[in-house]
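An overview of the molecular structure
One letter stands for each residue in the lines below.
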Amino acid sequence: MSFKQGLVRARSHIIFLTGLVTAFGLVGWLEGISMGNAATPEAIVTASQEVKIAPTRPLTAEELAWAKIAWKYFQNNTIADTGLVNSVDNYNASTLWDTSSYLMAVIAAQRLDLIDSIEFDSRIAKTLETLAKLPLFEGKLPNKSYNTLSLQMVDYTNQPSEKGIGWSAIDIGRILVPFNVLAWNYPQHTAAVKQLIASWNTQPLLVDGVLYGAVVTDQGETQYVQEGRLGYEEYAAKSFNLMGLDVSNSLRYTDFLKFVDIEGIQIATDSRDPQQYGAHNYVVSEPYILDGIEFGWDHISQELAWRVYKAQEKRATTTGILTAVSEDNIDQAPYFVYNTVFTSGKAWNAITEKGEDASQFKTLSTKAAFGWHLLYETDYTHRLIKKAASLADPERGWYSGLYEVSGQPNKAITANTNGIILEALAYKQTGKLMKLSH
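Residues numbered from 1 in each chain as written. Predicted model: local features only at pLDDT ≥ 70, side-chain atom pairs only at ≥ 80, totals over all residues. Heavy atoms only, no water.

Here's the deal with the overall build of the protein chain
Summing up its helical and strand segments, the protein chain has 14 helices and 19 strands in all. Scored against the burial criterion, the 438 residues of the protein chain give a buried share of 58%. Nonlocal contacts in the protein chain, meaning residues at least 24 apart in sequence, comprise 69% of its contacts between residues at least 6 apart. Per element, the accessible surface of the protein chain, about 17800 Å² overall, is 52% carbon and sulfur. (Helix = DSSP H or I, 4+ residues; strand = E, 2+ residues; numbered from the N terminus. Buried < 20%, exposed > 50% of the residue type's maximum accessible area, 1.4 Å probe, protein only. Contact = heavy atoms within 4.5 Å. Areas by Shrake-Rupley, 256 points an atom, 1.4 Å probe, with all protein chains shown as cover.)

Section: the packing of helix H4 (residues 96-111) against helix H14 (residues 415-430)
Contact pair H4 / H14: the axes reach a minimum separation of 8 Å and the direction vectors enclose 35°. With respect to the hand of their crossing, H4 and H14 are arranged in left-handed fashion. Contacts between H4 and H14 involve Trp97, Asp98, Ser101, Met104, Ala105, Ala108 and Arg111 from the former and Ala415, Asn416, Gly419, Leu422, Glu423, Ala426, Gln429 and Thr430 from the latter. Among the residues making up the contact of H4 with H14, the classes are represented as seven nonpolar, five polar and three charged. (Axes fitted to C-alpha atoms, helices over the stretch in contact; angles between N-to-C directions. Left-handed = near helix turned anticlockwise from the far one by under 90°. Nonpolar A, V, L, I, M, F, W, Y, C, P; charged D, E, K, R; others polar.)

Points about the pairing of strand S8 (residues 222-226)
Bridge analysis of strand S7 (residues 210-216) against S8 gives five bridges, and the strand direction is antiparallel. Counted as the bridge partner of Val216 is Thr222 from S8. Linking S7 to S8, which pair antiparallel, is a turn of five residues; within it Gly220 sits at a positive phi near 85°. (Pairing = 2+ DSSP bridges.)

Remarks on H14
If you check H14, its first and last C-alpha atoms are 22 Å apart, about what 16 residues at 1.5 Å a residue would give, namely 22 Å. Among the 16 residues in H14, 14 count as buried, and that is most of the element. Positioned one or two residues after H14, Gly431 has a phi angle of 90°, which is positive. (Expected span 1.5 Å × (residues − 1).)

Quick word on the nonpolar core
A general feature of soluble globular proteins is that nonpolar side chains tend to end up buried together. Grouped together as the largest cluster of nonpolar side chains are 126 residues, with contacts concentrated most on Trp71, Phe74, Leu131, Phe179, Trp372 and Leu422. For Leu422, the residues in contact, after removing those within four places along its chain, are Ala67, Ala70, Trp71, Phe74, Ala105, Ala108, Leu112 and Leu114. Core analysis: the next-biggest nonpolar cluster, separate from the first, contains six residues, Ile330, Ala350, Ala358 and Tyr403 among them. (Core = buried A, V, L, I, M, F, W, Y, C linked by side-chain atoms within 4.5 Å.)

Topic: the packing of aromatic side chains
Enumeration over the complete set of coordinates arrives at 22 aromatic pairs. Judged by centre distance (6.0 Å) and plane angle (75°), the rings of Phe137 and Trp167 are edge-to-face. Of this pair, Phe137 sits in strand S2 (residues 136-137) while Trp167 is found in strand S5 (residues 166-167), placing the two residues 30 residues apart along the sequence. The burial state of Phe137 is the same as that of Trp167; both residues are buried. (Phe/Tyr/Trp six-rings, centres within 6.5 Å; stacked < 30°, edge-to-face > 60°.)

What to know about the pattern of salt bridges
Counting across every chain of the model gives 23 salt bridges. Here Arg123 ties to Glu119 by a salt bridge, and the two come within 2.9 Å at their closest N and O atoms. In this pair, Arg123 and Glu119 are both assigned in helix H5 (residues 117-131), four residues apart and thus about one turn of the helix distant. With relative accessibility at 27%, the residue Glu119 sits in the partly exposed group. We note a salt bridge from Glu404 to Arg315, for which the minimum N-O separation is 2.9 Å. Here Glu404 is found in the loop between strand S18 (397-403) and strand S19 (409-413), whereas its partner Arg315 is found in helix H11 (residues 299-319), with 89 residues between them in sequence. (Salt bridge = Lys/Arg side-chain N within 4 Å of Asp/Glu carboxyl O.)

Some remarks on the sheet that holds strand S15 (residues 350-351)
Read across the open sheet, the three strands follow the order S11-S12-S15; overall the sheet is antiparallel. Pairing within the sheet leaves two strands with one partner each, and these edge strands are strand S11 (327-329) and S15.

Looking at the environment of Gly164
Turning to its location among the elements, Gly164 is positioned in the loop between strand S4 (146-147) and S5. On the accessibility criterion, Gly164 (4% relative accessible area) is buried. Residues Gly164 and Val154 lie 10 residues apart in sequence; the distance between their C-alpha atoms is 6.4 Å. Excluding residues that lie within four positions of it along the chain, Gly164 makes contacts with Phe137, Asn143, Met153 and Val216.

Remarks on helix H6 (residues 169-185)
End to end, H6 covers 24 Å across 17 residues, agreeing with the expected 24 Å (1.5 Å per residue, within 8%). The element H6 is largely enclosed, with a buried count of 17 among its 17 residues. The residue sitting at the N-terminus of H6 and contributing the capping side-chain oxygen is Ser168; that oxygen lies 3.4 Å from the backbone nitrogen of Ile170. (Polar contact = N/O pair within 3.5 Å; in protein donor to acceptor, adjacent residues only side chain to side chain.)

Some words on the pairing of strand S12 (residues 336-339)
Pairing of S11 with S12 involves three bridges; the strand directions are antiparallel. From the neighbouring strand, Glu327 faces S12, where its bridge partner is Tyr338. Sheet analysis places S12 next to S15, joined by two bridges and oriented antiparallel. Bridging from a neighbouring strand, Tyr338 pairs with Ile351 of S15.

Topic: the confidence of the model for the protein chain
Here the protein chain shows a mean pLDDT of 89. Residues at 70 or above account for 87%. When the criterion is pLDDT under 50, residues 1-42 qualifies, and its contacts beyond four places in sequence or with other chains add up to 54 contacts. (pLDDT = per-residue confidence, 0-100.)

What follows is the structure, given as structure tokens:
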């Protein structure tokens, strides 16, 4: 092969390599940055001495059976005509976040040999083909939700919306994760990924290195709003960065960083006031787990993740209540709850998306239990996984969790829970899912 031919074949990755140089430079800069009044550098950069990330290893027979239960969800909920997957069992709607959970589940299933290469390529190609057909909000970017049968833009109650309800920068960042994995590791799909992204107008999404979402006001007007809080913002920005896009400010952990004492541990939270900025600053497990299993933590996210995990372990020690908190669908009104380490000024606060108290719906999150266990494998995570292992319907998939108050399963079954469980199991056997080589 000539040098020119090699260069042509490599052209799909050049932009990603450019982004990587930027990313690695930024991480180094972040680790050395002075944080002024927000915190001392030692509080964030110096790693806890006890952090021990568990090594990768082959899955046990039991763990492989767990993966098959998670894959069952996607077998049951794939819409053959469109290639999309329902976000909740038998509910014909999906967001880009849930579509990403599906694509990552397909990648995980392939790496765990649950599906062969023919099924893998078929599922990926069909989904990318459909994503390219979706009507875009104002012709720019994907709407926040779609009907998985009709492909119509819908609101969050799955009612058709001709205008759409806006876009989520965090959800778009999430779907760029499988797009990056496909581009780097599955070159047969690189062209389709590039073509799809080229059809999106990312200009209003990224302003001065900051992620912006779009919302529709009660008057029907479009507003652009900064999107993302500590944890989710940096997680989403990493996949944009790998695409060579400027998210330099959203990547930075330190701009709105403050620490709160939870169970004697200094937990990082976002200093932006929900009353002023109109968005809650949830401290939950999911973004830190995803960062670890998909990208492999950087120096800062590894430390922040460990502290979030340790606070949950200490709560369990103090109260006797097994604790693994994250946001989850629930099987009763209000149907979605943020179970947090900290939010709205309170430790172990559970609230709805509107900020209403949801303490009665505190749960042990199944995906959080799996994620923390497969990353750390501590004595405590073994207790978590022993409890979580019973939270499934083998013919439908994994339940979202276990209610603290009643001790009953939260029987919501979702693409996100089952996708993250599959990802975490694939991570345990094959390492981080975003590998920068074929």
